Amino acid sequence: MKTVTAISLSFFFLLLSLSATVHSHNITRILSKHPEFSTFNHYLTITHLANEINRRQTITVCAVDNAEMSSLIAKGLSLQTMKNVLSLHVFHRLLRIQKAAPGTAGYVHITDVKGGKVRFSPEDNPSQTDSVYVKSILEMPYNISVIQISSILQSPEAEAPTAAPDLNLTSLLQRDGCKAFYDLLTSSGAIGTFLSSADGGVTVFCPDDDAIAAFAPKYKNLTAQEKTSLLLYHGVPLYNSMGMLRSSNGLMNTLATEGAKKKYDFTVQNDGNDVKLKTKAVTSTISGTVVDEEPIAIYTIDKVLLPREIFKGAVEADEPAPAPKAAKKKKKVAKKGDTTEDGAEAPGPDSSDDYSDDDAADQTASGGGRLLASVVMAMAFSFSWLVLI
């Protein structure tokens, strides 16, 4: 029985390991094994489409070889327009096309034609008939499929000139209710850390102007170092889209964490359609989006985030402070031979009276330990049964 249990538990942990890695894929590594797609791979990287592909599940990538990419490059498209065109080659599942920039086509028609060929035609260019399925490059069931098609999908809408998005962090932070926060960043010098992080990816949680005004009296009482740490606490050194925030409940490090001896982290928590940021002292809700375009995301929040490293004694208003512990009363134990008020001899100490709250806690803990051990053994037995079957 011990042997079966050991095998079944090993099988159980193997399943856990597989479930943790089954959804992982990296399009850059996949295509790097096929040099004939090196140009396509390069442009997925510099347009940041590779990052978007790696974050998504159940996705199909239609790659074209270097010769086909040469004909696309010869058109002299801007990087943003190139991204729009390549977005047409990335589908959710197999039929739904990834949402590209505004103005681009929304779907690609996939047709089974005579001779066993499968044809791909952009919605706004149904006359294109030269792009067909060539071969499968890689298939990871329920995760990603990478195939080769014979020609670039040509879409007039996708190839139309489009202005590159404004990703100047300085100008972005001065609009949509972030002006008061930006003023604090510049006056404290913390803006430099945000700007140096922009190229590698940054997410800014900007308290709106009303939140800054309400917090102003407390801010004035902070030291210069505390002010800087507080402001850096509102930045994360990674790009986080709204979709990523909705699926990433848990602790998040901040710009204040880097180089500090303290954690300076907060918790991202989803509450229905709302994304909340929780510290020990306050819960703030994302109220709007200034920009969400890799590598920069800026969101407005309704309250200033208060790190516990600075506001140690603060407790959120809607969370009751822990009740003070009642003082323990030491029970006087009567000794053999003592007398009571009526002259009767007091009984000696009874074993049931010699019992404290600490003893109760110890017994509860040991009882909980036995319960946990029972649950683990029950799980082991259940998995043994599954293996034996």
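What counts, and at which threshold
- Residues numbered from 1 in each chain as written.
- Predicted model: local features only at pLDDT ≥ 70, side-chain atom pairs only at ≥ 80, totals over all residues.
- Heavy atoms only, no water.
- Phe/Tyr/Trp six-rings, centres within 6.5 Å; stacked < 30°, edge-to-face > 60°.
- Helix = DSSP H or I, 4+ residues; strand = E, 2+ residues; numbered from the N terminus.
- Buried < 20%, exposed > 50% of the residue type's maximum accessible area, 1.4 Å probe, protein only.
- Contact = heavy atoms within 4.5 Å.
- pLDDT = per-residue confidence, 0-100.
- Pairing = 2+ DSSP bridges.
- Core = buried A, V, L, I, M, F, W, Y, C linked by side-chain atoms within 4.5 Å.
- Axes fitted to C-alpha atoms, helices over the stretch in contact; angles between N-to-C directions.
- Parallel < 35°, antiparallel > 145°, perpendicular 65-115°, else oblique.

Tell me what's going on with the packing of aromatic side chains, and back it up with residues and numbers.
Following the criterion strictly, the structure yields 7 aromatic pairs and no others. For the ring pair Phe 205 and Phe 266, a centre distance of 5.8 Å and an interplane angle of 85° mean the geometry is edge-to-face. One end of the pair, Phe 205, is in strand β8 (residues 202–207); the other, Phe 266, is in strand β11 (residues 266–271), and 61 residues separate them in sequence. There is no split in this pair, since Phe 205 and Phe 266 are both buried. Where Phe 205 meets Tyr 299, the ring centres are 6.0 Å apart and the plane angle is 25°; that geometry is what we call stacked. Here the residue Phe 205 occupies a position in strand β8, and Tyr 299 occupies one in strand β14 (residues 296–301), the gap between them amounting to 94 residues. Overall, the relative accessible area of 0% leaves Phe 205 in the buried class. Of the aromatic side chains, those joined through ring pairs into one cluster are Phe 205, Tyr 233, Tyr 264, Phe 266 and Tyr 299.

I'd like a description of the environment of Val 61, backed by residues and values.
Looking at the element boundaries, Val 61 is found in strand β1 (residues 59–63). Distance from Val 61 to Val 146, taken between C-alpha atoms, is 4.8 Å for residues 85 residues apart in sequence. Apart from the residues within four sequence positions on either side, Val 61 is in contact with Ile 27, Phe 40, Ile 53, His 89, Ile 144, Ser 145, Val 146 and Ile 147.

Talk me through helix α12 (residues 224–232); I want residue IDs and the actual numbers.
Here α12 has its buried residues at Ser 229, Leu 230, Leu 231 and Leu 232. In this fold, the buried residues of α12 make contact with α9 (179–188), α10 (191–197), α11 (209–220) and β9 (235–236).

Tell me about the confidence of the model for the protein chain, residues and numbers included.
On average, residues of the protein chain score 76 in pLDDT, and 69% of them are at 70 or above. Confidence drops under pLDDT 50 across residues 94–105; counting only partners more than four residues distant or on other chains, this segment forms 34 contacts.

Just give me the short version of the sheet that holds strand β10 (residues 250–252), but keep the residues and values in it.
Within the open sheet, the 7 strands sit side by side as β9-β8-β14-β13-β12-β11-β10. Their pairing is mixed. On the outer flanks of this sheet lie β9 and β10, each paired with one strand and no other. Here β8 pairs with β14 via 6 bridges, running parallel. In the sheet register, Pro 207 faces β14, and the bridge partner there is Ile 301.

Talk me through the nonpolar core; I want residue IDs and the actual numbers.
Core analysis: the largest hydrophobic core is formed by 51 residues, its most contacted members being Phe 205, Phe 266 and Ile 298. The element contributing the most residues to this core is β14, with 5 residues. Listed in part, the 33 residues of the second largest apolar core include Phe 40, Ala 50, Val 64 and Leu 88.

Outline the packing of α9 against α11, listing residues and values.
Taken N-terminus to C-terminus, the directions of α9 and α11 make an angle of 40°; their axes are 8 Å apart at the nearest point. The angle between the axes of α9 and α11 places the two elements in the oblique class. Residue-level contacts link Lys 179, Ala 180, Phe 181, Leu 184 and Ser 188 of α9 to Asp 209, Ile 212 and Tyr 219 of α11.

Describe unusual backbone geometry, listing the residues and the values that go with them.
For the bond running from Glu 294 to Pro 295, omega is 20°, close enough to zero to count as cis. With respect to the helices and strands, the residue Pro 295 is situated in the loop between β13 (283–293) and β14. Even without glycine at this site, Tyr 142 takes up a positive phi of about 65°. Tracing the sequence through the fold places Tyr 142 in the loop between β6 (133–140) and β7 (144–149). Of note in the backbone geometry, Tyr 264 takes a positive phi value of approximately 50° without being a glycine. Of note, Tyr 264 is situated in the loop between β10 and β11. Look at Tyr 264 and you get buried, because its relative accessible area is 9%.

Can you explain the pairing of strand β12 (residues 274–278)? Please cite residues and give values.
Examined bridge by bridge, β11 and β12 share 5 bridges and lie antiparallel to one another. Paired with Asp 271 across the strands is Asp 274, a residue of β12. Here β11 folds back onto β12 in antiparallel fashion, the turn holding 2 residues, of which Gly 272 has a positive phi close to 65°. In this sheet, β13 lies alongside β12 in antiparallel orientation, the contact comprising 3 bridges. Opposite Lys 278, over in β13, you have Thr 283 as the bridge partner. In textbook terms, the turn of a hairpin is the stretch between consecutive antiparallel strands, and for β12 and β13 this stretch comprises 4 residues.

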